[in-house]
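The chain contents come next:
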Amino acid sequence: MKPTSPVRTAAFSRTDMFSASHRLACKSLSDAENKKLFGICNQCHGHNYTVVVTVCGEIEPATGMVINLRDLKEYMQEAITELLDHKNLDQDVPYFVDVVSTTENVAVYIWENLQKRLPAGALYKVKVYETEQAVIVYKGEETAPR
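- By the naming in an unreviewed UniProt entry, the protein chain goes by 6-pyruvoyl tetrahydrobiopterin synthase and is assigned to Pelodiscus sinensis.
- Taken verbatim from the UniProt record of the protein chain, the Pathway (unreviewed entry) comment is "Cofactor biosynthesis; tetrahydrobiopterin biosynthesis; tetrahydrobiopterin from 7,8-dihydroneopterin triphosphate: step 1/3."

**Some points on the overall build of the protein chain**
Consideration 1: Within the protein chain one finds 4 helices and 5 strands.
Consideration 2: Taken from the N to the C terminus, the helices and strands of the protein chain come in the order β-α-β-α-β-α-α-β-β.
Consideration 3: Along the first, second and third principal axes, the C-alpha atoms of the protein chain reach 75 × 30 × 25 Å.
Consideration 4: For the protein chain, contacts bridging at least 24 residues in sequence account for 66% of all contacts bridging at least 6.
Consideration 5: Carbon and sulfur atoms form 52% of the exposed surface of the protein chain, whose accessible area is close to 9200 Å².

**Re helix α4 (residues 103–115)**
Consideration 1: Taking 1.5 Å of rise per residue, the 13 residues of α4 would be expected to cover 18 Å, and the 18 Å separating its terminal C-alpha atoms lies within 8% of that figure.
Consideration 2: All buried positions along α4 are accounted for by T103, V106, A107, V108, Y109, I110, W111, N113 and L114.
Consideration 3: In this fold, the buried residues of α4 make contact with β1 (9–22), β2 (45–58), α2 (69–84), α3 (89–92), β4 (123–129) and β5 (135–138).

**Considering the nonpolar core**
Consideration 1: Of all hydrophobic cores here, the largest spans 29 residues; its most connected members are F18, I80, L84, I110, L114 and V126.
Consideration 2: Of all elements in the fold, only β1, β2, α2, α4, β4 and β5 reach the threshold of two or more residues within this core.
Consideration 3: Counting residues per element, this core draws most heavily on α4, which supplies 7 residues.
Consideration 4: The residues contacting L84, other than those within four sequence positions of it, are F18, S19, A20, L89, V93, V106, Y109 and I110.

**Quick notes on the UniProt feature "active site" (unreviewed entry) in the protein chain**
Consideration 1: The UniProt record marks C41, H86 and E130 with the feature "active site" (unreviewed entry), using the residue numbering of this structure.
Consideration 2: With respect to the element layout, H86 can be found in the loop between α2 and β3 (87–88).
Consideration 3: Structurally, E130 is set in the loop between β4 and β5.
Consideration 4: By relative accessible area, which is 18% here, E130 ends up buried.
Consideration 5: Those residues in contact with E130 that lie beyond four places of it in its chain are H22, H47, N48, Y49 and T103.
Consideration 6: Only 2.4 Å separates the side chain of E130 from the side chain of T103, close enough to count as a polar contact.

**What to know about the sheet that holds β4**
Consideration 1: On the basis of which strands lie adjacent, the open sheet formed by 5 strands has the order β3-β1-β2-β4-β5 and mixed pairing. The sheet is open, and its two edges are formed by β3 and β5, each paired on a single side.
Consideration 2: Inspection of the sheet shows β2 paired to β4 by 6 bridges, in the antiparallel sense. Bridge pairing in β4 places V51 opposite V128.
Consideration 3: Against the sheet, α2 makes contact with β1, β2 and β3, and its axis sits at roughly 20° relative to β1, the strand it touches most.

**Observations concerning α2**
Consideration 1: When the terminal C-alpha atoms of α2 are compared, their 21 Å separation across 16 residues agrees well with the 22 Å that a helix rising 1.5 Å per residue should span.
Consideration 2: The largest bend in α2 comes to about 40°, at Q77.
Consideration 3: Burial in α2 covers these residues: L72, Y75, M76, A79, I80, T81 and L84.
Consideration 4: For α2, the secondary structure elements touched by its buried residues are β1, β2, β3, α3 and α4.
Consideration 5: H86 lies just past α2 and shows a positive phi near 55°.

Cut-offs used in this document
- Residues numbered from 1 in each chain as written.
- Predicted model: local features only at pLDDT ≥ 70, side-chain atom pairs only at ≥ 80, totals over all residues.
- Heavy atoms only, no water.
- UniProt positions renumbered as here; feature names shortened; annotations may be inferred.
- Helix = DSSP H or I, 4+ residues; strand = E, 2+ residues; numbered from the N terminus.
- Contact = heavy atoms within 4.5 Å.
- Areas by Shrake-Rupley, 256 points an atom, 1.4 Å probe, with all protein chains shown as cover.
- Expected span 1.5 Å × (residues − 1).
- Buried < 20%, exposed > 50% of the residue type's maximum accessible area, 1.4 Å probe, protein only.
- Core = buried A, V, L, I, M, F, W, Y, C linked by side-chain atoms within 4.5 Å.
- Polar contact = N/O pair within 3.5 Å; in protein donor to acceptor, adjacent residues only side chain to side chain.
- Pairing = 2+ DSSP bridges.
- Axes fitted to C-alpha atoms, helices over the stretch in contact; angles between N-to-C directions.
- Bend = angle between axes of the 7 residues up to and from the residue.

Shown next, in the form of structure tokens:
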């Protein structure tokens, strides 16, 4: 009887970038309350976002990969770049009509779009850099950081 190979798992990350503008404002608040809460970010402004997507899974013995890089690149193009790059998040992305376009919510939006494309259970985390100093990590509803 041939011995079985151990199951090996790994995490694979890919980085992408997009540029978008937005204005932080809660519809339930007055203009004065929004200005007080969000400060300068209550004005329309933009960011060059960097997104790091991490998938986890078993290393496929035949290919030696957790996921095919070309597939992940295509999924990220569809779920991030095509939907968000060079957009005004508040005006051009229907999701943000009723959701404040914070980086936290951008990470949730990206997560939800990637979940639709990736194999079930493969998506581990989405990390969104709004700036070098402001970074959000989202791991889905059940595995959010504490």
